[in-house]
Amino acid sequence: MKMSELMKQRMAFSFELFPPKTEAGEKKLLGEGGVLDKLSTMKPDYISCTYGAGGTNVGKQLPVLEAIKAHNSTPVAHFTCIGNTRESIREQLQNYLDRGIDHILALRGDLPFGWTGTGGDLCYATELVKFVRDEFGDKFTIAVAGSPEGHIACRSLEADISFLKQKQDEGADYIMTQLCWDMDQFLRWLDAIRKAGVTMPVDVGIMPVLDAAATINMALSRNGCVMPRELCEIISKYWIFPNPFVSDPYDADVAGKKAAFKEAGLEYTVRLIDEYRVCGINGIHLYALNKYEDVAKLVEMSGIKDM
């Protein structure tokens with residue numbers, strides 16, 4: 001079933017993975033008894049796999065997608081404009097179809113450091129959605145990104161919403177949101193996109209709060225996310241001196257603070273999921289970070305899926 005159709009019937013449940021960069025990472029994720037085996041026991045409706053900045057690890061995306069399909073879950077391929085010509089897009093997408101992969105997340109993609117453009121034939125996700133529909137008709141279910149706080153590179157939230165409506169008009173099927181911890185802003189955005197005529201199902205992307213440095217990095221390095229006071233208090237309470245980015249901190253209780261932060265972060269993420277679930281959203285998409293234990297604990301604590 002198309003995920004866009006499933007989400008009109010009930011709330012979807014899914015994970016995001018990334019292509020491993022090493023043989024050890026590949027074995028941990030895809031090997032027997034590995035992370036994918038374990039995540040699949042929770043029977044997610046779909047599992048997406050990222051593309052890799054600048055296409056650097058796109059070659060390792062396909063084995064992950066095929067493994068997801070072998071685990072009886074729908075694979076969703078992140079696909080970007082970065083470095084791609086129209087011909088290369090056509091070839092790669094046909095390769096997906098030949099392997100039974102018919103769901104994609106159409107993205108411009110994060111520009112690699114020092115780049116000022118995509119380095120390909122297409123510059124925006126709107127163009128990619130139109131190209132896929134023109135070339136492949138309805139063979140693909142197309143997800144697109146939505147930014148509740150507005151994309152950091154867009155001139156305004158209103159412009160960002162207008163581009164989201166354009167993606168729908170070009171043939172997109174559903175929205176996968178970028179990270180957003182600001183629930184007041186999310187509700188304003190949800191109301192605004194509906195008023196703008198965006199009717200696509202909304203699947204909310206959620207990153208489990210497990211590590212202070214990773215949380216800060218995810219919020220500020222690419223997304224420019226607002227960090228609510230409650231989350232900032234957790235980071236401050238378990239601050240590792242001199243800062244969480246130092247590889248060899250002088251703090252006397254590094255292990256203890258990391259463990260306490262993870263516990264508080266999981267509880268914070270559960271409360272966030274609770275708030276999202278009552279907003280009328282159509283899906284919860286957890287960034288699994290190629291891990292199992294922490295993600296399984298989060299799923300169990302939140303009750304979003306019977307274990």
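Quick summary incoming for the structure in this document. Being a predicted model, the structure only gives us computed values, none of them experimental.

**Looking at the environment of aspartate 294**
Line of reasoning, step 1. In this fold, aspartate 294 is placed in helix H12 (residues 293-302).
Line of reasoning, step 2. Remark: the alpha-carbon pair of aspartate 294 and glutamate 16, spanning 278 residues in sequence, is separated by 14 Å.
Line of reasoning, step 3. Aspartate 294 has contacts with Leu210, Lys262 and Leu266, leaving out every residue within four places of it along the chain.

**Some words on the side chain of glutamine 185**
Line of reasoning, step 1. Mapped onto the secondary structure, glutamine 185 falls in helix H8 (residues 183-195).
Line of reasoning, step 2. Residue glutamine 185 is classed as buried on the basis of its relative accessible area, which comes to 13%.
Line of reasoning, step 3. Looking at glutamine 185, its side chain comes within polar contact range of the side chain of arginine 188, at 3.1 Å.
Line of reasoning, step 4. With near-sequence residues (within four places) excluded, glutamine 185 lies in contact with Pro148, Glu149 and Leu157.

**Points about the packing of helix H5 (residues 86-98) against helix H6 (residues 125-136)**
Line of reasoning, step 1. At a closest axis distance of 11 Å, the pairing of H5 and H6 adopts a crossing angle of 60 degrees. Relative to H6, H5 is oriented oblique. Here H5 and H6 pass one another in a crossing that is right-handed. Contacts from Arg86, Ile89, Arg90, Leu93, Gln94 and Leu97 of H5 reach H6 at Leu128, Phe131, Val132, Glu135 and Phe136.
Line of reasoning, step 2. Among the residues making up the contact of H5 with H6, the classes are represented as seven nonpolar, one polar and three charged.

**Focus: the packing of aromatic side chains**
Line of reasoning, step 1. Scanning the entire structure with this criterion turns up seven aromatic pairs.
Line of reasoning, step 2. Both rings, one in phenylalanine 13 and one in phenylalanine 15, keep their centres 5.1 Å apart while their planes meet at 70 degrees; by these two values the pair is edge-to-face.
Line of reasoning, step 3. Relative to tyrosine 96, the ring of phenylalanine 79 lies with its centre 6.2 Å away and its plane at 85 degrees, an arrangement referred to as edge-to-face. With a gap of 17 residues between them, phenylalanine 79 in strand E3 (residues 74-80) and tyrosine 96 in helix H5 connect regions that are remote in the sequence.
Line of reasoning, step 4. Since its relative accessible area comes to 0%, phenylalanine 79 is described here as buried.
Line of reasoning, step 5. Here the aromatic cluster, defined as three or more aromatic residues joined through ring pairs, consists of Tyr51, Phe79 and Tyr96.

**Side note on the environment of serine 88**
Line of reasoning, step 1. Mapped onto the elements of the fold, serine 88 is located in helix H5.
Line of reasoning, step 2. On a C-alpha basis, the gap between serine 88 and aspartate 121 in space is 9.8 Å, while along the polypeptide they are 33 residues apart.
Line of reasoning, step 3. In terms of polar contacts, serine 88 uses its side chain to reach the side chain of asparagine 84, at 3.1 Å.

**Topic: the nonpolar core**
Line of reasoning, step 1. If you look at the biggest cluster of nonpolar residues, it comprises 84 residues, and the most contacted ones within it are Phe15, Tyr96, Trp181, Phe186, Tyr276 and Leu286.
Line of reasoning, step 2. Of all the elements, helix H11 (residues 254-277) adds the most residues to this core, at eight residues.
Line of reasoning, step 3. If we skip the residues at most four places from it in the chain, phenylalanine 186 touches Pro148, Thr177, Cys180, Val202, Val204, Tyr276, Cys279 and Ile281.
Line of reasoning, step 4. Core analysis: the second largest hydrophobic core is formed by twelve residues, Leu6, Val76, Ala143 and Ala145 among them.

**So, the pattern of salt bridges**
Line of reasoning, step 1. The full count for this structure, using the stated rule, is 15 salt bridges.
Line of reasoning, step 2. A salt bridge links lysine 38 to glutamate 293; the nearest nitrogen and oxygen atoms lie 3.9 Å apart. Linking lysine 38 in helix H3 (residues 35-40) with glutamate 293 in helix H12, this pair joins segments that are 255 residues apart in sequence.
Line of reasoning, step 3. Looking at glutamate 293, the relative accessible area reads 53%, which means it is exposed.
Line of reasoning, step 4. Between glutamate 66 and arginine 99 there is a salt bridge whose closest N-O contact spans 2.7 Å. With a gap of 33 residues between them, glutamate 66 in helix H4 (residues 61-70) and arginine 99 in the loop between H5 and strand E4 (103-107) connect regions that are remote in the sequence.
Line of reasoning, step 5. Classification of arginine 99 as partly exposed rests on a relative accessible area of 36%.
Line of reasoning, step 6. One network of salt bridges, in which partners are shared, links Glu87, Arg90 and Glu135.

**Points about the packing of helix H10 (residues 229-237) against H11**
Line of reasoning, step 1. The contact between H10 and H11 brings their axes to 10 Å, and the two run at 170 degrees. Classified by the angle between their axes, H10 and H11 sit roughly antiparallel to one another. Where H10 abuts H11, its residues Glu230, Leu231, Ile234 and Ile235 lie against Phe261, Ala264, Tyr268 and Arg271.
Line of reasoning, step 2. Grouping the amino acids of the contact of H10 with H11 by side-chain chemistry returns six nonpolar, no polar and two charged.

What counts and what doesn't
Residues numbered from 1 in each chain as written. Predicted model: local features only at pLDDT ≥ 70, side-chain atom pairs only at ≥ 80, totals over all residues. Heavy atoms only, no water. Helix = DSSP H or I, 4+ residues; strand = E, 2+ residues; numbered from the N terminus. Contact = heavy atoms within 4.5 Å. Buried < 20%, exposed > 50% of the residue type's maximum accessible area, 1.4 Å probe, protein only. Polar contact = N/O pair within 3.5 Å; in protein donor to acceptor, adjacent residues only side chain to side chain. Axes fitted to C-alpha atoms, helices over the stretch in contact; angles between N-to-C directions. Parallel < 35°, antiparallel > 145°, perpendicular 65-115°, else oblique. Left-handed = near helix turned anticlockwise from the far one by under 90°. Nonpolar A, V, L, I, M, F, W, Y, C, P; charged D, E, K, R; others polar. Phe/Tyr/Trp six-rings, centres within 6.5 Å; stacked < 30°, edge-to-face > 60°. Core = buried A, V, L, I, M, F, W, Y, C linked by side-chain atoms within 4.5 Å. Salt bridge = Lys/Arg side-chain N within 4 Å of Asp/Glu carboxyl O.

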